[in-house]
Amino acid sequence: MIFPRLLLVVGACSLLPACPKGNEGTASDASSSGGSTAEATTTPDLTTTTLPTTTVDASTSDSTVATTAASTTDATTDATTGGACVDCLALANEIDCVNTPECKWAGVVSYGYSAQGCQGSIASFCVAKQPTGVATALYRDLDGGGQQVLEFAYTPECLGAEWKPCDCDGPLACLCTSVTEDCPDRLEEFCAVNITEIGCSNATFKGNPVCHEFKVAPEGPFDDKCEVKQAKTKCLPATDTDKNTCTQVHYTDYPNCANQDVDPVYWRDNMGTVELIQSCGPVPTGFTPCEAMDTPDQPDECGLCICL
């Protein structure tokens, strides 16, 4: 009497949505389930469209579906946007660069600094094809000595440890870039590198000239005497570097000026030595103007050593 039992099995199969054949009843693959392929089970696949609506418990369906949807969305987002970061700058040749989808071969401004002032040139590097972030200046030490300073129109990512951001402690060429920090404490060092008038005028900070060549008279320590040392030409930080006119001063208490209006005079104490500069136009940074009338707050050199 095996026929009634066979009919019972066939009848039961007809009540199910589908009868499994072979391995077709297994769970979905790893990409949709978040794990390895499972053995055949009777648990319905939540990603299929044949899920009977009568199997969902109304008391838990909202939270279960929301949790499932959220985890599926997060996985998709991570898969599409959380890829490995690519250090394009590390690709030193054009072939490797252009064969990397995230990178392209392009020109980058390279800065140098010497007695001729700031010098910019275009060098080819591997850069990001889709740049993001603000303009950035970076530098690295070179094997043969010295540093290489580059300015990018974006913010490179995933850089090697040899690259450092340009700041006030970096090489002087960092001060040539258009995106460097304000570094007032390094401006005198920045200007002093230049030993020619042309180089001094070419020393630009954020694209603006900040240095000028002055004749500096070293007048020795604070006293009532003038030194006979010859004035030295120095490239110093200055404001109004593009001006060549001034309002002259009538130094009434200074007999050497013969009661005439003369160009302004500036002074400073440089490590115990009073230095004087007479300039019409650019104003030396860090110097104090000599007053038209002698005062106790300024050195006697202001009254004795100008107009000589």
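Our structure's up above, just so we're on the same page.
These remarks concern the structure in this document.

1. Focus: the sheet that holds strand E13 (residues 273-278)
Part 1: The strand order across the open sheet formed by six strands is E14-E9-E8-E13-E12-E15, and the pairing between neighbours is antiparallel. Only two strands of the sheet have a single neighbouring strand rather than two, namely strand E14 (283-284) and strand E15 (288-289).

2. Notes on the sheet that holds strand E5 (residues 164-165)
Part 1: Pairing in this open sheet of five strands is antiparallel, and the strands run E2-E1-E4-E3-E5 from one edge to the other. On the outer flanks of this sheet lie strand E2 (117-128) and E5, each paired with one strand and no other.
Part 2: As defined by bridge partners, strand E3 (residues 136-141) adjoins E5 across two bridges and the pair is classed as antiparallel. Residue pairing for E5: leucine 138 is matched across the bridge by proline 165.

3. A look at the environment of glutamine 260
Part 1: The topology assignment puts glutamine 260 in the loop between strand E10 (249-250) and strand E11 (261-262).
Part 2: You can call glutamine 260 partly exposed: its relative accessible area is 47%.
Part 3: As for glutamine 260 and histidine 250, which are separated by ten residues in sequence, their C-alpha atoms are 6.0 Å apart.
Part 4: Once residues lying within four places of it in the same chain are set aside, the contact partners of glutamine 260 are Val249, His250 and Tyr251.

4. Description of the side chain of aspartate 87
Part 1: Relative to the helices and strands, aspartate 87 resides in the loop between helix H3 (61-81) and helix H4 (94-98).
Part 2: Of note is the side chain of aspartate 87, whose polar atom sits 3.3 Å from the backbone nitrogen of leucine 89.
Part 3: Within the structure, the side chain of aspartate 87 is placed 3.3 Å from the backbone nitrogen of glycine 160, a separation counted as a polar contact.

5. With respect to the pairing of strand E8 (residues 211-218)
Part 1: The pairing of E8 with strand E9 (residues 232-239) spans six bridges and is antiparallel. Counted as the bridge partner of phenylalanine 214 is lysine 234 from E9.
Part 2: In this sheet, E13 lies alongside E8 in antiparallel orientation, the contact comprising three bridges. Bridge pairing in E13 places valine 216 opposite isoleucine 277.

6. Here we look at the pattern of salt bridges
When the charged atoms of two side chains lie near each other, side chains of opposite charge can form a pair.
Part 1: What the rule picks out here adds up to five salt bridges.
Part 2: For aspartate 240, the salt bridge goes to lysine 243, with nearest N and O atoms at 3.8 Å.
Part 3: The class of aspartate 240 is partly exposed, set by a relative accessible area of 34%.
Part 4: When its relative accessible area of 44% is taken as the criterion, lysine 243 is described as partly exposed.

7. Notes on the pairing of strand E1 (residues 103-114)
Part 1: Here E1 pairs with E2 via twelve bridges, running antiparallel. Each residue of the ladder has a partner; that of valine 109, found in E2, is isoleucine 122.
Part 2: What sits between E1 and E2 in their antiparallel hairpin is a turn of two residues.

8. Let's talk about the packing of aromatic side chains
Part 1: In total, this model carries three aromatic pairs according to the counting rule given.
Part 2: Consider the rings of tyrosine 113 and phenylalanine 190, whose centres lie 4.5 Å apart with planes at 10°: the pair is stacked. Of the two residues, tyrosine 113 sits in strand E1 while phenylalanine 190 sits in helix H5 (residues 187-192), which places them 77 residues apart along the sequence. Summarising the burial analysis for this pair, tyrosine 113 and phenylalanine 190 share the class buried.
Part 3: Here the aromatic rings of phenylalanine 152 and tyrosine 154 are separated by 5.9 Å at their centres, their planes lie at 75°, and the arrangement is edge-to-face.

Cut-offs applied
- Residues numbered from 1 in each chain as written.
- Predicted model: local features only at pLDDT ≥ 70, side-chain atom pairs only at ≥ 80, totals over all residues.
- Heavy atoms only, no water.
- Pairing = 2+ DSSP bridges.
- Helix = DSSP H or I, 4+ residues; strand = E, 2+ residues; numbered from the N terminus.
- Buried < 20%, exposed > 50% of the residue type's maximum accessible area, 1.4 Å probe, protein only.
- Contact = heavy atoms within 4.5 Å.
- Polar contact = N/O pair within 3.5 Å; in protein donor to acceptor, adjacent residues only side chain to side chain.
- Salt bridge = Lys/Arg side-chain N within 4 Å of Asp/Glu carboxyl O.
- Phe/Tyr/Trp six-rings, centres within 6.5 Å; stacked < 30°, edge-to-face > 60°.

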